[in-house]
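Each chain is listed here by its residues.
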Amino acid sequence: MEAMAFVTEDRKAAQESTFPNTYTFDLFGGVDLLVEILMRPTLITQKKKQKISDDLIKDCLSILYNTCICTEGVTKRLAERNDFVLFLFTLMTNKKTFLQTATLIEDILGVKKEMIQLEDIPNLASLVSSFDQQQLANFCRILAVTISELDTGSDDKHTLLAKNAQQKKNLCPSRAEVNQATLLNIPGFVERLCKLATRKVSETTGTSNFLQELEEWYTWLDNALVLDALMRVANEEAEQSSTESSDESGLANTSTRTQLPQSMKIMHEIMYKLEVLYVLCVLLMGRQRNQVHKLIAEFKLIPGLNNLFDKLIWRKHSASALVLHGHNQNCDCSPDITLKIQFLRLLQSFSDHHENKYLLLNSQELNELSAISLKANIPEVDAVVNTDRSLVCDGKRGLLTRLLQVMKKEPAESSFRFWQARAVESFLRGATSYADQMFLLKRGLLEHILYCIVDSECKSRDVLQSYFDLLGELMKFNIDAFKRFNKYINTDEKFQIFLNQINSSLVDSNMLVRCITLSLDRFENQSDIKVAEVLSECRLLSYMSQMSMRMSFLFRLINIIHVQTLTQENVSCLNTSLVILMLARRKDKLPFYLHTLQEMEYTEKYPGFILNNFHSLLRFWQQHYLNKDKDSTCLENSSCISFTYWKETVSILLSPDRTSPCAIVSYIDEAYMDIDRDFTEE
């Protein structure tokens, strides 16, 4: 009763006084006694093992769980007992006690300081193979804790200095990475997850076990949630049957009692798919990425999700859409919303820098890509030619096209916009492909993004950043895109709003600034009439071709970052400033740019502050990017400038020779030099 009260009262802070029974029970050793009862059979060495009845195990687990909920510190104490935690996994082989065990394990792992090693679980592979699909989905909730790096939530916010220092300390793989490898070694594991993720609601098991599971569901989710859900569904059906004619109402009632409402089935399936997609997503981002990619393609995860897109993943909200207790339909924690975000994250990690991304299209759409390349007289991308047509999406539209359709219909303030833009952008990432860009341009993506940035004057920083990044990938080196841009941004007023959005936060828009700078440089070196025409007409290119504008961007990009504050999110500002200077170096303009920066410092009455900072940033750049583990192909792919040229440019800029016209030190007066300090994590 105490646990029930605790859960239904929206988990208010629990104090001892509120729950005297659980507190007293624990105080006099009840918890330790239950652990001893559960583990006793494993401690006896006699040949004849004692067997505890399922009901007793269930009761022990329920009391333990309820005590954990109500009395602070119990869960942590149990978590410290590694033998008990590993023992709990062995109880999962019994179907009757599976749910109680899973719930308790999930709670304990949530507070455990050290992540458990999955390989320590006795007979893990046979345990997993003994699970039915429902149990496997529940088991994924537990796995989620064991394969995710602790602290990843704020990954972008950690400074790179701290991260690099951490990496030097941890040369061996983390526990999460070892656990990911352990899972991938279980035969058929990924295949079963793909089946779970793509099964249709109609394929789920019969009503009877579902109802039986619902009775135990309160331990799995939240008592109040299930009561709420059942009440709501029952009320709706009562209303439905009362509106039917009285003759038929008797029939209607009997059928509704025995049949489980569709909305509950759908919800149930959504809860499962959430967990499964999360695990697949983490594995896709891990060290064994290529192996996982191969398996996911082979077991047709993408075509399977494509077939579920309208009916389940992006289904229209029905009035009876189940919502977690105390929440409304649109808050970010409803399962419907979490499933959509999880699905978009999966798409993002699936297509990011990987040729399997073309599995997001169907055969017709792949033919369209080939036709675009043929028409433009450019060679087809190898990955398109090599895509196995038996593994691509089927149906009228592929997954990418479906995503574009919902993206355009998304309300302005929707939290999905960020994830949708990220998923589409990751499809374009890597070496720039004209055909990929044209495929999306033809579907009106550019106009949609500009509408959001300019017409609806999007205010969310995250969404704006994802739109700028997507716009950069969509327009890079593509003269047709700049032509379309100019057609849409056709007044000075619109252009000014666009510039204001870019200038409001350069950390968010710098990738777009980089794309415009690179594209302008390439167009200026082409002798095509069409290109010359767009160059002269396009507001954006004309704006960026002014030396004063490029210098203004360069000055601000260097000014907003410092070695101590560099993160994964803002280090791109440093690379964008380097791109501007590399292009200057190609035209022998590097001394002129450095001299202008020096003059700008004097105008600000603060000589040396930009160039000293830039010198430190470049030294950090060398430390960071010349590390043997660092992947430099991203820098090459995104800029089409060889990594050797990046390295040379940085070396020239950092040259200690004060007579060199391309060395930063030549432009800092002796009195203002401040470049010898070593930077450490502090």
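Refer to the structure above for everything that follows.
Residues numbered from 1 in each chain as written. Predicted model: local features only at pLDDT ≥ 70, side-chain atom pairs only at ≥ 80, totals over all residues. Heavy atoms only, no water.

A. Representation of the overall build of the protein in the model. For the protein, the count of helices and strands is 37 helices and zero strands. Out of the 682 residues belonging to the protein, those deemed buried represent 54%. In the protein, the share of contacts with a sequence separation of at least 24, taken over all contacts with a separation of at least 6, comes to 77%. For the protein, the exposed area adds up to about 32000 Å²; of that, 52% sits on carbon and sulfur atoms. (Helix = DSSP H or I, 4+ residues; strand = E, 2+ residues; numbered from the N terminus. Buried < 20%, exposed > 50% of the residue type's maximum accessible area, 1.4 Å probe, protein only. Contact = heavy atoms within 4.5 Å. Areas by Shrake-Rupley, 256 points an atom, 1.4 Å probe, with all protein chains shown as cover.)

B. A look at unusual backbone geometry. Of note, the phi angle at Phe477 is positive, near 60 degrees, even though the residue is not glycine. Examined against the element boundaries, Phe477 turns out to sit in the loop between helix 26 (461-475) and helix 27 (479-488). Exposure remark for Phe477: the relative accessible area of 14% places this residue in the buried category. Here Lys605, not a glycine, exhibits a phi torsion of approximately 60 degrees, which is positive. On the secondary structure map, Lys605 appears in the loop between helix 34 (590-603) and helix 35 (609-625). Assessed through its relative accessible area of 71%, Lys605 is described here as exposed.

C. Up close: a nonpolar patch on the surface. A cluster of nonpolar side chains, Tyr23, Leu27 and Phe28, forms an exposed patch at the surface whose accessible area comes to about 350 Å². Looking at where Phe28 falls in the secondary structure, it is placed in the loop between helix 2 (20-27) and helix 3 (30-43). (Patch = residues over 30% accessible without salt bridge, like charges linked within 9 Å, V, L, I, M, F, W, Y side chains within 5 Å. Salt bridge = Lys/Arg side-chain N within 4 Å of Asp/Glu carboxyl O.)

D. Seen up close, the nonpolar core. In this structure, Phe89 and Phe498 are the most contacted members of the largest nonpolar core, which totals 209 residues. Ranked by residue count, the leading element in this core is helix 16 (residues 262-284), at 14 residues. (Core = buried A, V, L, I, M, F, W, Y, C linked by side-chain atoms within 4.5 Å.)

E. The arrangement of the pattern of salt bridges in detail. One pass over the structure, following the stated rule, counts 28 salt bridges. With a shortest N-O distance of 3.4 Å, Arg81 and Asp83 are connected by a salt bridge. Asp83 gets classed as partly exposed once you look at its relative accessible area, which sits at 42%. Of the charged contacts in the structure, one is a salt bridge between Lys530 and Asp480, with a shortest N-O distance of 2.8 Å. On the criterion of sequence distance, the pair formed by Lys530 in helix 30 (residues 529-537) and Asp480 in helix 27 is long-range, its members being 50 residues apart. Judged by relative accessible area, Lys530 falls into the partly exposed class, the value being 35%. Given a relative accessible area of 16%, Asp480 falls into the buried group. Through salt bridges with shared partners, one network takes in Asp352, Arg422, Glu425, Arg429 and Asp469.

F. Highlighting the packing of helix 7 (residues 95-111) against helix 9 (residues 133-147). Remark: helix 7 packs on helix 9, axes separated minimally by 10 Å, with the N-to-C direction vectors making an angle of 15 degrees. With respect to each other, helix 7 and helix 9 are oriented roughly parallel. As helix 7 packs across helix 9, the resulting crossing turns out to be left-handed. Seen from helix 7, the contacting residues are Lys95, Phe98, Leu99, Ala102, Ile105, Glu106 and Leu109; seen from helix 9, they are Gln135, Asn138, Phe139, Arg141, Ile142, Val145 and Thr146. Split into classes, the residues belonging to the contact of helix 7 with helix 9 amount to eight nonpolar, three polar and three charged. (Axes fitted to C-alpha atoms, helices over the stretch in contact; angles between N-to-C directions. Parallel < 35°, antiparallel > 145°, perpendicular 65-115°, else oblique. Left-handed = near helix turned anticlockwise from the far one by under 90°. Nonpolar A, V, L, I, M, F, W, Y, C, P; charged D, E, K, R; others polar.)

G. Structural detail: the environment of Arg141. With respect to the element layout, Arg141 can be found in helix 9. Taking the C-alpha atoms as reference points, Arg141 and Leu274, 133 residues apart in sequence, are found 9.1 Å from one another. Looking at Arg141, its side chain comes within polar contact range of the side chain of Glu275, at 3.2 Å. (Polar contact = N/O pair within 3.5 Å; in protein donor to acceptor, adjacent residues only side chain to side chain.)

H. Structural context of helix 22 (residues 399-409). With eight of eleven residues buried, helix 22 lies mostly within the body of the structure. Buried residues of helix 22: Leu399, Leu400, Thr401, Arg402, Leu403, Leu404, Val406 and Met407, and no others.

I. Inspection of the packing of aromatic side chains at higher detail. One pass over the full model with this rule turns up 18 aromatic pairs. Between Phe309 and Trp314, the ring centres sit 5.8 Å apart and the planes meet at 15 degrees, which makes this aromatic pair stacked. Taken together, a centroid distance of 6.1 Å and an interplanar angle of 75 degrees make the contact between Phe555 and Phe609 edge-to-face. One end of the pair, Phe555, is in helix 32 (residues 547-559); the other, Phe609, is in helix 35, and 54 residues separate them in sequence. Its relative accessible area of 8% is what places Phe555 among the buried residues. Put simply, the rings of Phe89, Phe98, Phe131 and Phe139 pair up and form one aromatic cluster. Note that Lys357 overlies the ring of Phe427, its terminal NZ or CZ placed 5.1 Å from the centroid. Geometry around Tyr645 places Arg586 over its ring, the cationic atom sitting 5.8 Å from the centre. (Phe/Tyr/Trp six-rings, centres within 6.5 Å; stacked < 30°, edge-to-face > 60°. Lys NZ or Arg CZ within 6 Å of the ring centre and 35° of its normal.)

J. Layout of the environment of Ser129. Inspection of the secondary structure assignment puts Ser129 in helix 8 (residues 124-130). Sequence spacing of Ser129 and Pro187 is 58 residues, and the spatial spacing of their C-alpha atoms is 8.5 Å. At 3.0 Å, the side chain of Ser129 and the backbone oxygen of Ser126 are in polar contact.

K. Focus on the environment of Leu512. Here Leu512 is to be found in helix 29 (residues 506-524). With relative accessibility at 0%, the residue Leu512 sits in the buried group. Sequence separation of Leu512 and Leu474 is 38 residues, and the distance between their C-alpha atoms is 9.8 Å. Ignoring sequence-local partners within four residues, the contact set of Leu512 consists of Phe468, Leu471, Gly472, Phe498 and Ile502.

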